[in-house]
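Summary of structural features
As a plain string of letters, each chain reads:
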Amino acid sequence: MFEFLKGINSNFIYIIAFAIAFVIACFTTPLSKKFAYKVGAIDMPKARGMNTKPMPLAGGISIVLGFLVTIALIAPSIKDLELIHLIGLIIGGVVITIVGLLDDIYDLPAKLKLFFQILAALIVIITGTTIQAVSWPWAPGGVLLLGSFSNVITIIWIIGVTNAVNLIDGLDGLATGVSSIAALCLMFISILNGEPTAVLLTAALAGSCLGFLPHNFNPATIYMGDTGSTFLGFTLSVISIQGFIKSYTAITIIVAVLILGLPIFDTFFAILRRIANGKPVMQADRGHLHHRLVDRGYSHKRAVLTLYGISGGFGIAGILIAMNDIMFALIIIGLILVVWLLDFIARRIKNK
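Residues numbered from 1 in each chain as written. Predicted model: local features only at pLDDT ≥ 70, side-chain atom pairs only at ≥ 80, totals over all residues. Heavy atoms only, no water.

Topic: the overall build of the chain
The line we're drawing: Helical segments are the DSSP runs of H or I of at least four residues, strand segments are the runs of E of at least two, and each set is numbered from the N terminus. Residue exposure (1.4 Å probe, protein chains only): buried if accessible area is under 20% of the type maximum, exposed if over 50%, otherwise partly exposed. Whether two residues are in contact is decided by their heavy atoms, any of which lying within 4.5 Å being enough. The Shrake-Rupley method, run with a 1.4 Å probe, gives the accessible areas here. Residue values count only the displayed protein chains as cover.
In terms of helices and strands, the chain carries 13 helices and four strands. The burial tally for the chain puts 53% of its 352 residues in the buried class. Here the contacts in the chain between residues at least 6 apart in sequence split such that 74% fall between residues at least 24 apart. Just so you have it, the chain exposes about 15,800 Å², and 72% of that area is on carbon and sulfur atoms.

Right, here's the structure in full:
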């Protein structure tokens, strides 16, 4: 199938992949909505939530379908395909999706979800995707080889990003749009690094997200649920490793952190906030950045678009660092973090 693609320029293949994923996700979302009602994957209104009426979850099924079907159709046409890495991502992603769907229906215990997230991360590691080095200015060449700690750091990274994306899924279209931005930025970096597998994966992921977004943007008719948010976080975390796996430079992890900066830093400040307030780290609250913007009078759409801008700023900074334009990247990062820190301090003063 799609044998004719082998004679087409690779850039057009990636565009075709994006388009296929977009169409599949867009047109299967209404079916996901019916499925969510049938199996009882419904988000009921709650104190810290933003919805005022029951909303169907499991819209993430459409994102997953768009991604997996596209990969199955297009991957055979990609030269130098990293098949074993791709298999690990797909198997791990399926595990994450199934657990996410069950959580949307039955509200699974956190420890059980963590167990399967670790299992999915181990599948990725077994199939050869690992973080082998990080930036460390005091190490020879500025690179610290992780050695035996490589697997542990990889698991922490995958689980951390998976849950970070899940935590920002609090406004209509927020996690979907932020994931789209991150995927597009990773795609650009993967093109620079000459990683065709990662380019295909990011193109398919961005297409799936943007195909789902019209149904998920305010006012949303369906939520992606943990089915989608954990899949997106998991997939982005793995692709961010695969996209840099051959470049092997000191800045690779820094670039990945920046591209995924919004969910990562929001989660980091959430942990600090809960510790400072003497609350359990895993206890949900309304202190996330999207909650703060809405509580300060931002409309739903304005808050989401503002966070899209922040996410895009982080992504551009990551791309600039990858292109060795470090000074301009630092200016962008500094402006974002100063504003974020001032907001954090103002919130602390207000609560005293």
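Brief notes about the confidence of the model for the chain
Note the threshold: Every residue is assigned a pLDDT by the predictor, reflecting its confidence on a scale from 0 to 100.
The share of residues in the chain with pLDDT of 70 or more is 86%, and the mean pLDDT across the chain is 85. The lowest-confidence element of the chain is helix 11 (residues 289–295), averaging 71 in pLDDT; the highest-confidence one is helix 2 (residues 60–74), averaging 97.

Here's the deal with the packing of helix 2 against helix 3 (residues 83–106)
Condition: Structural elements are reduced to axes, namely lines fitted to C-alpha atoms, with helices fitted over the stretch in contact, and the angle between N-to-C directions of any two is expressed from 0 to 180 degrees. Roughly parallel here means an angle under 35 degrees, roughly antiparallel means over 145, roughly perpendicular means 65 to 115, and every remaining angle is called oblique. Crossings are classed by handedness, with left-handed meaning an anticlockwise turn of the near helix from the far one by less than a right angle and right-handed meaning a clockwise turn. Basically, the charged four are Asp, Glu, Lys and Arg, the nonpolar ten are Ala, Val, Leu, Ile, Met, Phe, Trp, Tyr, Cys and Pro, and anything else, Gly included, counts as polar.
Packing of helix 2 against helix 3 leaves a shortest axis separation of 11 Å and a crossing angle of 160°. As judged from the angle between their axes, helix 2 and helix 3 are roughly antiparallel. At the point where helix 2 passes helix 3, the crossing takes the left-handed sense. Note on element contacts: helix 3 touches helix 2 through Leu-86, Leu-89, Ile-90, Val-94, Thr-97 and Leu-101, opposite Ile-61, Val-64, Phe-67, Leu-68 and Ile-71. Grouping the amino acids of the contact of helix 2 with helix 3 by side-chain chemistry returns 10 nonpolar, one polar and no charged.

Considerations on the packing of aromatic side chains
Test applied: Only Phe, Tyr and Trp rings are paired, with Trp represented by its six-membered ring, and only when their centres lie within 6.5 Å; those with planes under 30 degrees apart are stacked, over 60 edge-to-face, the remainder tilted.
Summed over all chains, the structure comprises four aromatic pairs. Taking 5.6 Å as the distance between ring centres and 70° as the angle between the ring planes, the aromatic pair formed by Phe-67 and Phe-231 counts as edge-to-face. Taken together, the residues Phe-67 in helix 2 and Phe-231 in helix 8 (residues 225–242) connect sequence positions 164 residues apart. Its relative accessible area of 1% is what places Phe-67 among the buried residues. Its relative accessible area of 2% is what places Phe-231 among the buried residues.

Some remarks on helix 4 (residues 110–126)
Stated formally: Residue count minus one, scaled by 1.5 Å, sets the expected span of a helix.
Over its 17 residues, helix 4 runs 24 Å from end to end, which matches the ideal 24 Å to within 8%, given 1.5 Å per residue. Gly-128 sits one or two positions beyond helix 4 and adopts a positive phi of about 100°.

A look at the layout of surface pockets
Definition in use: A pocket here means an open set of points on a 1 Å grid, computed over the protein atoms alone, that has protein on both sides within 12 Å along at least five of seven lines. A cavity is instead a set of points where a 1.4 Å probe fits but cannot get out; residues with an atom within 4 Å of a point line either one. Grid points are joined across faces, edges and corners, and a volume is the space filled by probe spheres set on the points.
Empty space within the second largest pocket amounts to approximately 230 Å³. Lining the second largest pocket are 12 residues, and of these Leu-289, Leu-293, Ile-310, Val-339 and Trp-340 lie nearest its centre. Going through the elements one at a time, helix 11, helix 12 (300–322) and helix 13 (326–351) are the ones with two or more residues in the lining of the second largest pocket. Sort the elements by how many residues they give to the lining of the second largest pocket and helix 13 lands first, with five residues. Its residues placed into classes, the lining of the second largest pocket shows nine nonpolar, one polar and two charged.

Focus: the pattern of salt bridges
This is how it is decided: When a carboxyl oxygen of Asp or Glu is within 4 Å of a side-chain nitrogen of Lys or Arg, the pair counts as a salt bridge.
A complete count under the given rule lists two salt bridges for this structure. Measuring nitrogen to oxygen at the nearest pair gives 3.2 Å for the salt bridge that ties Asp-103 to Lys-113. Of this pair, Asp-103 sits in helix 3 while Lys-113 sits in helix 4, placing them 10 residues apart in sequence.

Notes on unusual backbone geometry
Geometrically, the link from Asn-218 to Pro-219 is a cis peptide bond, its omega value of -5° lying close to zero. For Ala-58, which is not glycine, the phi torsion reads 70° and is therefore positive. Mapping Ala-58 onto the fold places it in the loop between strand 2 (55–56) and helix 2. Under the relative-accessibility criterion, Ala-58 is labelled buried at 0%. Positive phi, close to 55°, is recorded for Asp-107, a residue that is not glycine.

Regarding the environment of Phe-268
By secondary structure assignment, the location of Phe-268 is in helix 10 (residues 261–276). For Phe-268, a relative accessible area of 45% translates into the label partly exposed. Taking C-alpha positions, Phe-268 is 8.9 Å from Ala-164, a pair spaced 104 residues apart along the chain.

Regarding the environment of Asn-216
Within the secondary structure, Asn-216 sits in helix 7 (residues 196–216). Along the chain, Asn-216 and Thr-176 lie 40 residues apart, while their C-alpha atoms are 7.8 Å from each other. Among all residues touching Asn-216, those that are not within four sequence positions of it are Asp-172, Gly-173, Thr-176, Ile-222, Tyr-223 and Met-224.

Let's talk about empty space enclosed by the protein
With the rule as written, the count across this model stands at four cavities of 30 Å³ or more. Size it by volume and the second largest cavity reaches roughly 70 Å³. What lines the second largest cavity is simply Val-95, Ile-96, Val-99, Gly-100, Asp-103, Lys-113, Phe-116, Gln-117, Asp-226 and Thr-230. Counting residues per element, the ones that place at least two in the lining of the second largest cavity are helix 3, helix 4 and helix 8. The element contributing the most residues to the lining of the second largest cavity is helix 3, with five residues.

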